[in-house]
Amino acid sequence: MTPREQIVRLEGLLDRITKNATRPRAPRTSVKPATAPFVAAAPEPVVEATPAPAPVAVERAPSAVPAPPPPSAAPVPPRVEAAAQSSSVPPWKPEPASTVQARPSTIPPEELSEDDLIDVTTVPPPEPAAAAAASAPEVEIEEPPASSSRSKVAESLDQAIASAAAQVDEREVPIHTPPPESGPQEAVLPAGIEAPRAPDLDDLEPAVARPASLGPTPEQLGETIELEGSESPDIEIEVAGLPTPEPARERPPEELEVTLPRAEMPSGTYDVDEEPAPVISASEVGVPEITLRPAIEGPEITHVVRVSEKAPEHFSELLDASLAL
Amino acid sequence: MGTPRFDPTHSLEFNFDRGTVKLGGQSERVLVPADVLASLLKGADADTRKDFAHRLGTEVGRRVSERIDGTASIPTVVEHLGGELALIGLGSLAFERWGRALVVTVMGSPLRGEGDELLAGILEGALQRAFGRVSAVVPIQRDDSLVRLLVVSKGTAERVRGWLASGVSFGDALARLNGAGGSS
């Protein structure tokens, strides 16, 4: 069954429920046999990821479509939940002072048939559990799984409110899932379905058009049951996660293990600005540079020093010359 | 007036009767064998030898100065100094001029190599008596019969002796003297 078909059937079911709610009902003894075959046939668990604080009332928007239950979807209509659960569900009776719109007396009550009981689950059930449940002749109260948030259908509005409050307490809040706010919630539309357009106030009659500050009309709300505020303590959500890391503190340059030499620092032997010496490859060293002596021209290199050839005239001169040496 | 020539006539007088010998009519002389004199000088100390040599040279220079003075020429000096040295029987004297260096050569000295120091002393004495110059005479070269004696100052004589002792030839020594003497 496609999601769209499921939605259509749900809409029809919702209409019938609404109509039946205004009429007085007979004791719901037929509910049990109606639920029993359902349970026996396919007591598939309804997997609901998000817990709903108001599982009893069925919100009715002009064209609101309850979402089929993918795990992250909106809450499943409690009527369907009731059908999937045990048969010891007390009959539901509308509160006289409730905001639920009474069913017109001219409209005959419609009995729910087996066709109306649709399977709203989209998650394939576990096979062993399903087989065991199918083989069980007795209807047993199934304990909701840990992740589900199904609740039993209350016999009265008071029970519904109390059960809703209890569910808030009992329900195990999954991690990373913020608790929904109490009160009317916007239904999450499944994929492929367009959201209904808001009614154009200009088209409405003056009697119907209201200031937005007053809120929606009872007709718009439908069978909305206002729930009181939860008395339970505020749910503390433990946001698990890693602690916020401290911003990385930049290490000052002086804390480095090795301080790189800076250009302005006296390096002594190393100058970053100084160009490196050119590398001379071995191929470039082939012919050495030869420097020859320059030619010398002109000057007389030879100079002979001669001793005077004039003999001394007297012996005394010769003696004196010899003694002067 | 020219310079007289050296006349050795009647310079040596033998008085056979008295048994004396005199040289130029003055003090008596003794005729002694040369080798005996060499051996005597060899056994004497350096100062004794030097003193003996200086006294002989002074006698020689006295007799030279009686006939010539400082203005005499080199040949005159050679004639007269050489004649006197010959009369005592120490060989024949000549002069050599090696640049500015005066080298006296003596040929035929009976004292041969052992007599070179004696000759050096005699020349020192004679040059000092005859020409009034204090000098030092250094034997620089000796062959069998000829000895060359350099006439220099006392300081130069020590350097020359050092050169000669280190194996420098007398010619190189004389060249050194003349070169050093030329730059100074």
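Please refer to the structure placed before this passage.
In this report, the structure presented in the accompanying data block is examined.

So, the overall build of chain A
At step 1: Per the secondary structure count, chain A includes seven helices and zero strands.
At step 2: When the helices and strands of chain A are read in sequence order from the N terminus, they spell out α-α-α-α-α-α-α.
At step 3: Residues classed as buried in chain A amount to 26% of the 325 residues present.

Regarding the packing of helix 2 (residues 46–65) of chain B against helix 3 (residues 74–87) of chain B
Residue and element names in this part refer to chain B.
At step 1: At a closest axis distance of 9 Å, the pairing of helix 2 and helix 3 adopts a crossing angle of 135°. Considering the angle they form, helix 2 stands oblique to helix 3. Between helix 2 and helix 3 the crossing geometry is right-handed. Here Val60, Arg63 and Val64 of helix 2 come into contact with helix 3, specifically with His80, Leu81 and Glu84.

Structural notes on the nonpolar core
At step 1: Within the largest apolar cluster, 36 residues are counted, with the highest numbers of intra-cluster contacts made by A:Phe315, B:Leu81, B:Leu93 and B:Phe95.
At step 2: The set of elements that each furnish at least two residues to this core consists of helix 7 (315–324) of chain A together with helix 1 (34–43), helix 2, helix 3, strand 4 (92–98), strand 5 (101–107), helix 4 (116–131) and strand 7 (146–152) of chain B.
At step 3: With nine residues, the single largest contributor to this core is helix 4 of chain B.
At step 4: Among all residues touching A:Phe315, those that are not within four sequence positions of it are B:Ala72, B:Ser73, B:Ile74, B:Val77, B:Phe95, B:Leu102, B:Leu127 and B:Phe131.
At step 5: Formed by 15 residues, the second largest nonpolar core is a distinct cluster that contains B:Val138, B:Ile140, B:Val160 and B:Leu177.

Quick notes on the sheet that holds strand 7 of chain B
Strands belonging to one sheet form pairs held by backbone hydrogen bonds; the direction of such a pair is parallel or antiparallel.
Residue and element names in this part refer to chain B.
At step 1: The antiparallel open sheet is built from four strands, whose spatial order is 4-5-7-6. The open sheet has two free edges, formed respectively by strand 4 and strand 6 (136–142), since each of these has just one partner strand. Each neighbouring strand pair of the sheet contributes to a mean axis angle of 30°, computed without reference to strand direction.
At step 2: As judged from the seven bridges shared by strand 4 and strand 5, these two strands associate in the antiparallel manner. Residue pairing for strand 5: Ser92 is matched across the bridge by Met107.
At step 3: Contacts between helix 3 and the sheet are confined to strand 4 and strand 5, with strand 4 contributing the most and set at about 145° to the helix.
At step 4: Contacts between helix 5 (residues 154–165) and the sheet are confined to strand 6 and strand 7, with strand 6 contributing the most and set at about 25° to the helix.

Thresholds, definitions, all that
- Residues numbered from 1 in each chain as written.
- Chains lettered and ligands numbered in written order.
- Predicted model: local features only at pLDDT ≥ 70, side-chain atom pairs only at ≥ 80, totals over all residues.
- Heavy atoms only, no water.
- Helix = DSSP H or I, 4+ residues; strand = E, 2+ residues; numbered from the N terminus.
- Buried < 20%, exposed > 50% of the residue type's maximum accessible area, 1.4 Å probe, protein only.
- Axes fitted to C-alpha atoms, helices over the stretch in contact; angles between N-to-C directions.
- Parallel < 35°, antiparallel > 145°, perpendicular 65-115°, else oblique.
- Left-handed = near helix turned anticlockwise from the far one by under 90°.
- Contact = heavy atoms within 4.5 Å.
- Core = buried A, V, L, I, M, F, W, Y, C linked by side-chain atoms within 4.5 Å.
- Pairing = 2+ DSSP bridges.

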